[in-house]
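# Structural description and commentary
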Amino acid sequence: MAIVAGVDFGTLSVRVTLMGDGGRLGTAVAGYPLVRSRENPDQATQSHDAQMAALVEAMRKVIAECGVDPMTVEAVALDTTGSSVIPVDAGMQPLDDYYLWCDHRAKLEAQQITAMAHATGLEAIQWCGGVYSHEWGFAKLLHWLRHNPEKRERFASAFEHCDMVAATLCGITDPKLVKRSACAMGHKWMWNPKWGGLPGQNFLSMLDPLFDGIRAKLDGEYLTSDHLAGHLTAEWAEKMGLRAGIPIPVGAFDAHWDAIGAGCREGDVVNVVGTSTCIIAMQKVAALIPGVCGVVPGSVHPGFAGVEAGLSATGDIFEVIATRAGKTVRELAEGLEAYKAGQTGLLRLSWDNGDRTVLVNAELGGMTLGWNLIHTAQDELFAAIEGTAFHTRIILERMAEHGVPIERVINAGGIPQNSAVLNQIYASVLNKPVLVPNGVPTSIGSGIFAMLAIGAYPSVEAAQTALCLPHREVYPDPDAVKVYEELYQLYRKVYFAFGTAGAEAVSLGDVLPQIRKIAAGVRGS
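Here we summarise the structure given alongside this text. Predicted model, so just to flag it, every value in this text is computed and none were measured. (Residues numbered from 1 in each chain as written. Predicted model: local features only at pLDDT ≥ 70, side-chain atom pairs only at ≥ 80, totals over all residues. Heavy atoms only, no water.)

### A word on the packing of aromatic side chains
Note the threshold: The rule is short: rings of Phe, Tyr and Trp, with Trp giving its six-membered ring, pair when the centres are within 6.5 Å, and they are stacked under 30 degrees, edge-to-face over 60, tilted in between. Secondary structure elements are taken from DSSP: a helix is a run of H or I of four residues or more, a strand is a run of E of two residues or more, and numbering for both begins at the N terminus. The cut-offs for exposure are 20% and 50% of the maximum accessible area for each residue type, with area from a 1.4 Å probe on protein chains only; residues under the lower value are buried, those over the upper are exposed, and the others partly exposed. Throughout this description, the term charge over a ring refers to an Arg CZ or Lys NZ atom that lies within 6 Å of the ring centre and within 35 degrees of the ring normal.
Tallied over the full model, the rule gives 15 aromatic pairs. Between Phe 138 and Phe 211 the ring centres are 5.8 Å apart and the planes differ by 70°, which places this aromatic pair in the edge-to-face class. Taken as a pair, Phe 138 in helix α3 (residues 137–147) and Phe 211 in the loop between α6 (201–207) and α7 (214–217) lie far apart in primary sequence, 73 residues in all. Taking relative accessible area as the criterion, Phe 211 reaches 0% and is therefore assigned buried. A network of ring pairs unites the aromatic residues Trp 351, Phe 390, Tyr 484, Tyr 488, Tyr 491, Tyr 495 and Phe 496 as a single cluster. Positioned above the aromatic ring of Tyr 488, the side-chain terminus of Arg 393 is 3.9 Å from the ring centre.

Structural data, given as structure tokens:
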């Protein structure tokens, strides 16, 4: 039996799963600190050394718990958060901590990149929704260069988390020899074979002279995950208790491989619902989708163009509603199953951390319409779940309008595993059956690519058939579908009217009366 290790680096912990020919053998988790700053709430950083130590801990733990001979582990594959960026020197030593994906200090830099891209007609900006995000690579790197003058002289390159970890495990000490992930660089650094890779040096130098020569510093092979990043060194093999020389494929982002681990194929859309939501789909030919934050060849599945969209906050919204009420989400959610569609009379937009798709506007804020004097925090929580489902429908409709096939919807991520209410609402709002994996699919995608690295299966699809968890189906409720169709039209109207700068005047005078009328009808029934 082939045994491999799939690794998933999340925001607060790393998960290592051992996979055999029959599926998951066991999983272990180890945590690491997320560094926040009271002086600057936009800061979110993590130590590379702390993450590597956690990887060693989780690997040794899962091997011990599964009782397998570590010398039989044949490959390791890894995915990470992103864009999580680390600057390095000429010897691949970190010059600072990772700017984690949720580090939002680079807002000014992102705005400047967006403005310059439009002013110069840079095609790449259209392929990432028309707006470059402060969560993405070039913005984070420019912010770091501007705020660390004492380290600039030693700066040799910068890497996404998945590429840095793979390079470390493979013992690569020359930045130019590191294999870079087409997934990471395509979705967050405007890389695409269509225009010859990264944006040109002239454009980058116009942004800031600190970027002079940066394209050469980011040079190297950009590869999909059916290629190898290298092989495990004796040093790291000894630390983790594995056999030296086993292959490590080029990594990717967690949500993209989570989609593969959840069973995503052409025609599927996977909602990876966690603190935020990452929406992943695939299409045969890369086609421009306005407002969608990335269409990249080979980013999810090596044979397809990967499509990424999402909500900037989902679980974070639920968490803050519960915190304000002095409860946990689990406590506040008790009894939500008794709620009916639209009964709260609240329409809640999911802009608490801005809009990632389709408006691509970080300056928007949360908004709830319909409050009265007897509404409760639990009412708001239910309306917030409905709101994230409405927002998801807006995104899926935009994708479908531009040729992305949507035949099945899969709810992956941690929240759908624990919220039957959320899955039912999504099924009824989308008016489609929602498939939910029977178990947590996180790190199964990594295991699949590890299996492919040793030739255990002939294709991604064959590996998915053997290794992915079965799904349970959640069907739309016909009565809820009717209510949600009415509410969705109101949500859509408010979404574009409030969220689009310079939008034509739209009368919103009917929105509150209609929400109240819908709620009264539901309660009366």
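### Focus: helix α18 (residues 511–524)
Every α-helix winds through 3.6 residues per turn, so residues three or four apart in the chain are directed the same way. For clarity, the cut-off: The length a helix should cover is 1.5 Å for every residue beyond the first. For this analysis, residues touch if any pair of their heavy atoms sits within 4.5 Å.
In this model α18 runs 20 Å from its N-terminal to its C-terminal C-alpha over 14 residues, within 8% of the 20 Å that 1.5 Å per residue would give. Turning to α18, the residues buried within the fold contact β19 (347–349), β20 (367–369) and α17 (478–499).

### Quick look at the pattern of salt bridges
Quick reminder of the rule: The working definition used for a salt bridge is a side-chain nitrogen of Lys or Arg within 4 Å of a carboxyl oxygen of Asp or Glu.
Going through the model one piece at a time under the given rule, you end up with 17 salt bridges. For Lys 188, the salt bridge goes to Glu 308, with nearest N and O atoms at 3.0 Å. Of this pair, Lys 188 sits in helix α5 (residues 182–188) while Glu 308 sits in strand β18 (residues 305–311), and the two are 120 residues apart along the sequence. Across the pair, Glu 308 and Lys 188 agree in class, each one buried. By sharing partners, the salt bridges in this structure join Arg 393, Glu 397, Glu 485 and Arg 492 into a single network.

### Quick look at the nonpolar core
Basically, it comes down to this: For the purposes of this section, nonpolar cores are sets of buried Ala, Val, Leu, Ile, Met, Phe, Trp, Tyr and Cys residues that join through side-chain atoms within 4.5 Å.
Of all hydrophobic cores here, the largest spans 81 residues; its most connected members are Val 7, Leu 55, Met 59, Leu 169, Leu 232 and Leu 242. With eight residues, the single largest contributor to this core is helix α1 (residues 48–66). When sequence neighbours within four positions are dropped, the list of residues in contact with Leu 169 reads Met 52, Leu 55, Leu 78, His 231, Leu 232, Thr 233, Trp 236, Met 240 and Ile 248. Among the nonpolar cores identified, the runner-up in size contains 65 residues, and Ala 281, Val 292, Ala 305 and Val 307 belong to it.

### Describing the sheet that holds strand β1 (residues 3–9)
Through backbone hydrogen bonds, the strands of a sheet pair up, either in parallel or in antiparallel fashion. In plain terms, the rule: Paired strands, in this sense, are two strands between which DSSP finds at least two bridges.
Taken in spatial order, the five strands of this open sheet run β3-β2-β1-β6-β14, and their pairing is mixed. In this open sheet, the two strands that pair with only one neighbour each are β3 (23–31) and β14 (252–253). Pairing between β1 and strand β2 (residues 13–20): six bridges, direction antiparallel. Counted as the bridge partner of Ala 5 is Leu 18 from β2.

### Some details on the pairing of strand β22 (residues 434–437)
Alternating positions in β22 separate into two faces, Val 434 and Val 436 on one and Leu 435 and Pro 437 on the other, with burial throughout. Where strand β21 (residues 408–412) lies against β22, two bridges are found, and the strand directions are parallel. Note that in β22 the partner of Ile 410 across the bridge is Leu 435. Two strands pair when backbone bridges link them, and β22 and strand β23 (residues 471–474) are joined in this way by four bridges, in the antiparallel orientation. Each residue of the ladder has a partner; that of Val 436, found in β23, is Arg 472.

### Quick word on the environment of Ala 90
By the secondary structure assignment, Ala 90 is in the loop between β7 (85–88) and β8 (98–99). Among the residues examined, Ala 90 registers a relative accessible area of 56% and is labelled exposed. With 67 residues separating them in the primary sequence, Ala 90 and Ser 157 have C-alpha atoms 7.6 Å apart. With near-sequence residues (within four places) excluded, Ala 90 lies in contact with Arg 154, Ala 156, Thr 173, Asp 174 and Pro 175.

### Digging into the packing of helix α12 (residues 377–401) against α17
Working note: a packed helix pair is described by the angle between its axes plus the distance between those axes. So the rule is basically this: Think of each axis as a best-fit line through the C-alpha atoms, taken over the contacting stretch in the case of a helix, with angles from 0 to 180 degrees between the N-to-C directions. Under this scheme an angle from 65 to 115 degrees is roughly perpendicular, one under 35 degrees roughly parallel, and one over 145 degrees roughly antiparallel; angles in between are oblique. For this classification, the nonpolar set comprises Ala, Val, Leu, Ile, Met, Phe, Trp, Tyr, Cys and Pro, the charged set comprises Asp, Glu, Lys and Arg, and every other residue, Gly included, is treated as polar.
In contact at an axis separation of 10 Å, α12 and α17 are set at 75° when each is read in the N-to-C sense. Classified by the angle their axes make, α12 and α17 are roughly perpendicular. Taken together, the residues of α17 that come into contact with α12 (itself represented by Phe 382, Glu 386, Gly 387, Phe 390, His 391, Arg 393, Ile 394, Glu 397 and Arg 398) are Tyr 484, Glu 485, Leu 487, Tyr 488, Gln 489, Tyr 491, Arg 492, Tyr 495 and Phe 496. Looking at the contact of α12 with α17, its residues break down into nine nonpolar, three polar and six charged.

### Some thoughts on α17
A rise of 1.5 Å per residue sets the reference length of α17, with its 22 residues, at 32 Å; its end C-alpha atoms lie 30 Å apart and thus fit the reference within 8%. Among all positions in α17, only Ala 480, Val 481, Val 483, Tyr 484, Leu 487, Tyr 488, Leu 490, Tyr 491, Val 494, Tyr 495 and Gly 499 are buried. Close packing links the buried residues of α17 with β19, β20, α12, α14 (420–430) and α18.

### Examining the sheet that holds strand β15 (residues 268–273)
If you walk across this open sheet you meet the seven strands as β17-β18-β16-β15-β21-β22-β23, and the pairing is mixed. Lying at the two open borders of the sheet, with one neighbouring strand each, are β17 (295–297) and β23. Ignoring strand direction, the axes of neighbouring strands in this sheet form an average angle of 25°. Both β17 and β18 contribute to a ladder of three bridges, which runs antiparallel.

### Section: the side chain of Glu 380
With respect to the secondary-structure elements, Glu 380 resides in helix α12. The class for Glu 380 is buried, based on a relative accessible area of 10%. Setting aside residues up to four positions removed in sequence, Glu 380 forms contacts with Ile 321, Arg 324, Leu 346, Arg 348, Thr 368 and Trp 371.

### Some details on the state of the cysteines
The test is simple: In what follows, a disulfide is any cysteine sulfur pair within 2.5 Å.
Inspection of the entire model under this criterion finds zero disulfides. Unpaired in terms of disulfides, Cys 128 finds its nearest cysteine sulfur in Cys 293, a separation of 8.5 Å. Relative accessible area serves as the criterion here: at 5%, Cys 128 is assigned to the buried category. Cys 162 provides the cysteine sulfur closest to Cys 183, a residue in no disulfide bond, and the two sulfurs are 6.9 Å apart. A relative accessible area of 3% means that Cys 183 is categorised as buried.

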